[in-house]
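Read off the chains here:
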Amino acid sequence: MTAVRIALIGAGVMGRQHAQYIQQLPETTLVAIADPFTQALATDYGVPAFTDHRQMLEHIRPDAVIIANPNHLHVSTATDCLQAGIPTLLEKPVATSLAEAFELVAVEQRTGVPLLIGHHRRHNPIVTRAKSIIDSGALGRLTTVTALWQVRKDDAYFDVAWRREPGAGVLLINLIHDLDLLRHLCGEVGQVQAITSHGARQLAVEDSAALLLQFANGALGTLTGSDATVAPWGWDQNSGENPSVFAQQADQSCYLLAGTEGSLSIPQLKLWRYGEQQGWHHPLLCQQHAPADSLAMHNQLRHLVQLARGECAPLVSAADAAKTLALVEAAQRAARDGFAAQPAAE
Ligand SMILES: NC(=O)c1ccc[n+]([C@@H]2O[C@H](COP(=O)([O-])OP(=O)(O)OC[C@H]3O[C@@H](n4cnc5c(N)ncnc54)[C@H](O)[C@@H]3O)[C@@H](O)[C@H]2O)c1
């Protein structure tokens, strides 16, 4: 089968990673890059460079496109791609507001062109395995969920203006991934309470957040996150997913899911349950589960290939990603107002 011809929109940190992954898979080939401010990546890969993605879509007619430009451009850029009939992978967040996300859902429905949102962790085999353990009932009724994402980003990361301004912030840039995974693994969140702080970096956007979550199934959870904290606890340090950016601490856990029958550490996939003798006086037995051996970003890209070939529906649709965004917005409202907030429905 011939390789799927992919064009890239946005040639920054994430765009460079996507270009690398496209090069690594035999079923994909990079055909062009659009970025109004830099041609360096296109030069490195020897592909045509465009300053306007609409011209690129017209001239190149790629089989699929990956959008990795700043958040506030996501909806307008994805709309252009869908209207041009090109299956699209749009980096998260799907939009910077829920209202905009719904606009994009409407465009997707009107055009019928597949749109995948880049919540790439869902393509990670660790997540697939964790989900199957939870769905098997091994944890019993989920009672408590503890989640951490704590990293100290280099100060230079914030030299880029959009990362300091509303529309960015640790909730929308990073914790959105954790909230998406918690929704996927533990179910929908009914309400959230939150406190955020910008005290460590003194930027317009928050650098730290503490969230209390009540899941619709009754489980209670916490998510504590910060981009200004030196700590080994976070999916990016613990999962092995992105070792080129995050130094790895594979022995540490970022999610601890606990239920009436057992508990699970992630990404280690250690399942803790009683043996034949039950009760708190008896030691727990630990069963080690192993995920399949593949990279989330490769799996996401293979999924885009399948979408471009019309073989499946998006694993993370815009409507699904909008629910994650609704949860982020609820956390932002809760932090602003000092009251518990519920994610908005459609
Ligand atoms: N999935 C993940 O884990 C992950 C990780 C990091 C970033 N992201 C997302 O990827 C996107 C890009 O983030 P980044 O850190 O690479 O940002 P970045 O600032 O490094 O790169 C953005 C690029 O977009 C370009 N750009 C600006 N306007 C454009 C336009 N009109 N058309 C095309 N390109 C344009 C900029 O010149 C820049 O090169 C963001 O939406 C971010 O949330 C996702």
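Described in the following lines is the structure provided in the data block. (Residues numbered from 1 in each chain as written. Predicted model: local features only at pLDDT ≥ 70, side-chain atom pairs only at ≥ 80, totals over all residues. Heavy atoms only, no water.)

In this section: the pairing of strand 12 (residues 263-266). As paired strands, strand 11 (residues 255-259) and strand 12 are joined by four bridges and run antiparallel to one another. From the neighbouring strand, tyrosine 255 faces strand 12, where its bridge partner is isoleucine 266. Counting the residues that bridge the hairpin from strand 11 to strand 12 gives three residues. Bridging between strand 12 and strand 13 (residues 270-274) involves three bridges; their strand directions are antiparallel. In the strand pairing of strand 13, serine 265 is matched with lysine 270. What sits between the antiparallel neighbours strand 12 and strand 13 is a turn of three residues, in which leucine 269 has the positive phi angle 60°. (Pairing = 2+ DSSP bridges. Helix = DSSP H or I, 4+ residues; strand = E, 2+ residues; numbered from the N terminus.)

Glancing now at the packing of helix 5 (residues 98-111) against helix 10 (residues 318-337). At a closest axis distance of 10 Å, the pairing of helix 5 and helix 10 adopts a crossing angle of 175°. Considered as vectors, helix 5 and helix 10 are oriented roughly antiparallel to each other. Only Ala318, Ala319, Ala322, Leu325, Ala326 and Glu329 of helix 10 make contact with helix 5, whose side of the interface consists of Leu98, Ala101, Phe102, Val105 and Glu108. In terms of residue class, the contact of helix 5 with helix 10 is made up of nine nonpolar, no polar and two charged. (Axes fitted to C-alpha atoms, helices over the stretch in contact; angles between N-to-C directions. Parallel < 35°, antiparallel > 145°, perpendicular 65-115°, else oblique. Contact = heavy atoms within 4.5 Å. Nonpolar A, V, L, I, M, F, W, Y, C, P; charged D, E, K, R; others polar.)

The omega torsion of the bond from lysine 92 to proline 93 falls at -5°, within 30 degrees of zero and hence cis. As for its placement among the helices and strands, proline 93 is situated in the loop between strand 5 (88-90) and helix 5. The residue after isoleucine 266, namely proline 267, is reached through a cis peptide bond having omega 10°. On the secondary structure map, proline 267 appears in the loop between strand 12 and strand 13. One non-glycine residue, leucine 269, lies in the positive phi region at around 60°.

This part is about the packing of helix 1 (residues 13-24) against helix 9 (residues 296-308). Their axes nearest at 10 Å, the elements helix 1 and helix 9 cross at an angle of 75°. The angle between helix 1 and helix 9 places the two elements in the roughly perpendicular class. Residues Met14, His18, Tyr21, Ile22 and Gln24 of helix 1 form the contact with helix 9, whose participating residues are Met297, His298, Gln300 and Leu301. Residue composition of the contact of helix 1 with helix 9, by class: five nonpolar, four polar and no charged.

Bringing the packing of aromatic side chains into the picture now. On inspection of all chains with the given rule, the structure shows two aromatic pairs. Between tyrosine 157 and phenylalanine 158 the ring centres are 4.9 Å apart and the planes differ by 75°, which places this aromatic pair in the edge-to-face class. Residue classification places tyrosine 157 among the partly exposed residues on the basis of a relative accessible area of 23%. Seen from their ring centres, tryptophan 235 and tyrosine 255 are 6.1 Å apart, and the 20° between their planes marks the pair as stacked. One end of the pair, tryptophan 235, is in helix 8 (residues 235-238); the other, tyrosine 255, is in strand 11, and 20 residues separate them in sequence. Under the relative-accessibility criterion, tryptophan 235 is labelled buried at 0%. Overall, the relative accessible area of 0% leaves tyrosine 255 in the buried class. In this structure, arginine 163 packs its charged tip against the face of tyrosine 157, placed 4.0 Å from the ring centre. (Phe/Tyr/Trp six-rings, centres within 6.5 Å; stacked < 30°, edge-to-face > 60°. Buried < 20%, exposed > 50% of the residue type's maximum accessible area, 1.4 Å probe, protein only. Lys NZ or Arg CZ within 6 Å of the ring centre and 35° of its normal.)

Charged atoms that come close allow side chains of opposite charge to pair. The final tally for this structure, using the stated rule, is 16 salt bridges. A salt bridge links arginine 122 to aspartate 180; its shortest N-O distance comes to 2.8 Å. Of this pair, arginine 122 sits in the loop between strand 6 (115-117) and helix 6 (125-135) while aspartate 180 sits in helix 7 (residues 170-186), and the two are 58 residues apart along the sequence. The same class applies to arginine 122 as to aspartate 180, namely buried. Where lysine 131 meets aspartate 135, a salt bridge forms, and the shortest distance between an N and an O atom there is 3.4 Å. Note that lysine 131 and aspartate 135 are positioned in helix 6 at a spacing of four residues, about one turn of the helix. Here the salt bridges share partners, and the residues they tie into one network are Arg122, Asp180, Arg183, Glu188 and Asp320. (Salt bridge = Lys/Arg side-chain N within 4 Å of Asp/Glu carboxyl O.)

Below, the discussion takes up the site of the ligand. Surveying the vicinity of the ligand reveals 26 residues, the closest of which are Met14, Asp35, Asn71, His74 and Arg163. One of the side-chain nitrogen or oxygen atoms of arginine 163 is found 2.7 Å away from an oxygen atom of the ligand. Relative to its unbound accessible surface of 850 Å², the ligand loses 85% to contact with the protein. Summarising the domain contributions, the shell around the ligand has at least three residues from each of domain 1 (4-121 + 297-315) and domain 2 (122-294 + 326-337). (Near = heavy atom within 4 Å. Polar contact = N/O pair within 3.5 Å; in protein donor to acceptor, adjacent residues only side chain to side chain. Areas by Shrake-Rupley, 256 points an atom, 1.4 Å probe, with all protein chains shown as cover. Domains from an automatic or database assignment.)

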